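An overview of the molecular structure
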Amino acid sequence: MRPRLRIKLLLPLLCLAPALLLASVPAWAQFSAVRVTDQLTRPVLATAPAGDPRIFVVEQGGRIRIWDGVGLSTFLDLSLLVSGGNEQGLLGLAFAPDYASSGLFYVHYTDLAGDSVISRFEVSGGDPDLADPLSEEMLLVVPQPFANHNAGHLAFSPLDGFLYIAMGDGGLGGDPGENGQDPSTLLGSMLRIDVSSAPGFTIPASNPFVGGGGDPLVWSYGFRNPYRFSFDRSTGDLWIGDVGQGTIEEIDFQPASSTGGENYGWDCWEGSVLFEPAGCPPTGFVFPVMEYAHTLGLPFYAVIGGYRYRGPEPGLDGIYFFGDNGGALFTGVEVAPGVFTQQTVSVSADVGSIDNVGGFGEDSAGNLYFLDLFDGEMFRLVAGASGAGCPAVEDSMCREDALSIAVLKDREAPTDPMTTGPKARLTFRWVRGGTQGTPVSQSDFGNPVLADDIDLCFYRDSLLDFSLRAPGGSAAWKELGTKGYRYSDPSTSSDGIRMVVLSGGAAGRARVVVSAKGSAIPLPAFPVAGTSWSFQVRSSGSSQCWAGSFTAPDLKANDAKGIFRAKRQGP
């Protein structure tokens, strides 16, 4: 028997399939997040009813909280009914597809005896922000032989409308009950039930073992602890993060066309590695589409299944995001039908940090959320630093070279003697006192080979990340008004600086993405005199980049009345 994996959370571990390339992401392929709140207690899931602007957050201790965009309130408190501990507690929440009219929702928790309970509740008749705690109808109670491997997720399929329920193998370590390979038990399985006609539930006639060979509630089996799974809201495909034993974490995939009955391998296989081959058939297993080994140097390992992004942020559609409770974050990108390439990525938060992933979530619009278990934080994923663009931290591979960027605090076009040489170049300068003022600071980067876009990345003590994207060929000016960074294009074309990203700031506030001209961007604070600023310029068409740094000038309050200008200069 393998020793038990010790983790500080109730989550499943995942592993990736051999068909999936474990690739390292380029240093500039980063993602960003905005902290929504830090007032949660051990959050493990965020979700929302269809069409509802509120976000419902599950706390492991037994509460369901509502984030209404301003603050938190308590929707339901089951803390007196649930058992606490390592992997126990309130683990799952799913709203009925017709919640707006029925008011019904479903929870998955471990009771005071440690057994898994699937219950139905309804919202209070007089207050949409309160559930009726007396409305509980227990649909299913599954005895648990040990306190760990309770799985916990449940969700409705967007295709068939049935409720899917994840159950772990019963716990301890190495599956001593041999439940994973036994479809006649509910443990180590994905269950599927029909809850459309209350009270109670029915078993769908299309479940694979209705005619025999396994328990009729079982949809698929061979799991260790599938703590988190999700349906692709666009395709109906099912993604499952199954927590590993001591070697491999895995992500399993079931296409929307599946008729059920899949055997995902545990405990014959741990991911793509044989675990306990004695008595196992040579074929018939479905292997992970992505996996990673316990070699990342994390404090502990437990895969947290995530979501395939289908929200409003540009450029993120179709990327599958998942993580590990030890702090690692990953993406999976489909490179061929059913073949996914995994990358380890970094997500830079505007405030706080994503240290211990306790779960993920989606709101009704498809925005993706990260939940930091121990710090009680919830973050929303935002675009702005994926692929090309500014990384969350400075790229040490950027070479210091000769490019310049012109930044002037004056309304009049300056005479720039620095435009020399046959190649297009950018200049960066701070100017005080109007057109005739003296440049107080300057940075030289070099002459980049211009592609379609150039990204200028500003860093100040790792707090400020300010990106200007200027398509090649533009000679347009952008101006900053007296009430903040206000960019406008005097030309009639849309060419020029198309996107501005401001995140962080001296107080760690504000992140704005601007894709249209004439947008105002408030700046929390001007740089403190003497602060070291560093800048990186990169071509979005390649990994080429240039770097430099200089000391911030002593800017006075009245300097803000000037104009911030940025101009791409070329022959």
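Reading the values: the criteria
Every chain's residues receive numbers from 1 upward, in the order its sequence appears when written. A pLDDT threshold of at least 70 governs which residues receive local features in this predicted model, and a stricter bar of 80 or more applies before side-chain atom pairs are shown or counted, although totals over entire chains, interfaces and linings include all residues. No hydrogens and no water enter the side-chain calculation; it runs on all heavy atoms of the structure. Helix and strand assignments follow DSSP, with helices taken as H or I runs no shorter than four residues and strands as E runs no shorter than two, numbered in order from the N terminus. Note on exposure labels: buried denotes an accessible area under 20% of the residue type's maximum, exposed denotes more than 50%, and partly exposed covers the range between, all computed with a 1.4 Å probe on protein chains only. Any pair of residues with heavy atoms lying within 4.5 Å of one another is described as a contacting pair. Accessible areas in this description were obtained via Shrake-Rupley with a 1.4 Å probe; residue shielding takes into account the shown protein chains only. For two strands to be treated as a pair, DSSP must find at least two bridges joining them. Our working definition of a disulfide is a cysteine sulfur pair at a distance within 2.5 Å. Lining residues are those with an atom within 4 Å of a point, where the points come from a 1 Å grid over the protein atoms alone and group into cavities, where a 1.4 Å probe fits but cannot get out, or pockets, open sets with protein on both sides within 12 Å along at least five of seven lines. Grid points are joined across faces, edges and corners, and a volume is the space filled by probe spheres set on the points. For this classification, the nonpolar set comprises Ala, Val, Leu, Ile, Met, Phe, Trp, Tyr, Cys and Pro, the charged set comprises Asp, Glu, Lys and Arg, and every other residue, Gly included, is treated as polar. Only the six-membered ring of Trp is used, alongside the rings of Phe and Tyr, when aromatic pairs are assigned; centres must lie within 6.5 Å, and planes under 30 degrees apart are stacked while those over 60 apart are edge-to-face, with the rest tilted. The criterion is that NZ of a Lys, or CZ of an Arg, lies within 6 Å of the ring centre and within 35 degrees of the ring normal, and then a charge sits over that ring. The set of buried Ala, Val, Leu, Ile, Met, Phe, Trp, Tyr and Cys residues whose side-chain atoms join them within 4.5 Å is what this entry labels a nonpolar core. Confidence of the predictor at the level of single residues is captured by pLDDT, which takes values from 0 to 100. Where helices are involved, their axes are fitted lines through C-alpha atoms of the stretch in contact, as for all axes, and angles between N-to-C directions lie from 0 to 180°.

The next point concerns the overall build of the chain. Within the chain, the regular secondary structure consists of one helix and 43 strands. When burial is assessed residue by residue, the chain has 58% of its 571 residues classed as buried. Sequence separation of 24 or more characterises 63% of the internal contacts of the chain that already satisfy a separation of 6 or more. Carbon together with sulfur atoms contributes 53% to the accessible area of the chain, which is approximately 21,500 Å² in total.

It is worth spelling out the pairing of strand β3 (residues 43-47) at this point. Within β3, five of the five residues are buried, which leaves the element mostly enclosed by the surrounding structure. Pairing analysis gives four bridges linking β3 to strand β4 (residues 55-59), with the strands arranged antiparallel. Along β4, the bridge assignment pairs L45 with V58.

Turning our attention to the state of the cysteines. In this structure the tally under the stated criterion is one disulfide. Between C268 and C280 runs a disulfide, and the two sulfur atoms are separated by 1.8 Å. As the torsion about the S-S bond is roughly -90 degrees, the C268-C280 disulfide counts as left-handed. With C268 in the loop between β17 (248-254) and β18 (269-270) and C280 in the loop between β19 (273-274) and β20 (290-293), this pair connects stretches of sequence that are 12 residues apart. Residue C268 is classed as buried on the basis of its relative accessible area of 2%.

Here we take up the layout of surface pockets. Sizing a probe to match a water molecule and rolling it over the atoms shows the empty space that remains. Roughly 570 Å³ of internal volume is contained in the largest pocket. Taken together, 25 residues form the lining of the largest pocket, with T47, A48, F156, R233 and E362 sitting closest to its centre. Elements with a minimum of two residues in the lining of the largest pocket: β3, β7 (90-95), β11 (154-156) and β15 (228-231). Here the lining of the largest pocket is built from residues that sort into 16 nonpolar, six polar and three charged.

It is worth spelling out the side chain of T47 at this point. Locating T47 in the fold gives a position in strand β3. What makes T47 buried here is its relative accessible area of 17%. Contacts of T47, omitting those with residues within four sequence positions, involve R54, I55, F56, L93, F95 and E362.

This paragraph deals with the packing of aromatic side chains. For the structure on display, the rule yields 25 aromatic pairs. Ring geometry for F229 against F231: centres 6.1 Å apart, planes inclined by 90 degrees, an arrangement best described as edge-to-face. By relative accessible area, F231 is classed as buried at 12%. The interplanar angle of 70 degrees and the centroid separation of 5.0 Å between the aromatic rings of W239 and F253 together place this pair among those described as edge-to-face. On the criterion of sequence distance, the pair formed by W239 in strand β16 (residues 238-242) and F253 in strand β17 is long-range, its members being 14 residues apart. Of the two residues, W239 and F253, both sit in the buried class. One aromatic cluster in this structure is built from W239, F253, Y292, Y320, F322, F330 and F340. In this arrangement the basic side chain of R224 is found over the ring face of W266, its NZ or CZ atom lying 5.7 Å from the centre.

On to the nonpolar core. With 42 residues, the main nonpolar core has I64, F75, L93, F105, V107 and F370 as its most contacted residues. For I64, the contacting residues outside a window of four places in its chain are F56, V57, S73, T74, F75, L76, L90, L93, F105 and V107.

What follows covers the confidence of the model for the chain. In the predicted model, the chain carries a mean pLDDT of 74, and 61% of its residues have values of at least 70. When the criterion is pLDDT under 50, residues 1-29 qualifies, and its contacts beyond four places in sequence or with other chains add up to 156 contacts. Contacts for the low-pLDDT stretch residues 385-389, under 50 throughout, to residues beyond four places or in other chains number 19 contacts.

Right, let's get into the sheet that holds β15. On the basis of which strands lie adjacent, the open sheet formed by four strands has the order β15-β16-β17-β20 and antiparallel pairing. Each edge of the sheet is formed by a strand with only one pairing partner; in this case those strands are β15 and β20. Strand-to-strand twist in this sheet, taken as the mean axis angle between neighbours without regard to direction, amounts to 10 degrees. When β17 meets β20, the two strands line up antiparallel, connected through four bridges. Counterpart to I248 in the pairing with β20 is A293.

The subject of this paragraph is the sheet that holds strand β10 (residues 131-142). Strands sit in the order β7-β8-β9-β10 across an open sheet of four strands; the sheet is antiparallel. Of all strands in the sheet, those with a lone pairing partner are β7 and β10, marking the two edges. Neighbour-to-neighbour, the strand axes of the sheet open up by a mean angle of 25 degrees, direction not taken into account. Judged from the seven bridges that link them, strand β8 (residues 104-110) and strand β9 (residues 116-123) form a sheet pairing that is antiparallel. Counterpart to Y109 in the pairing with β9 is V117.

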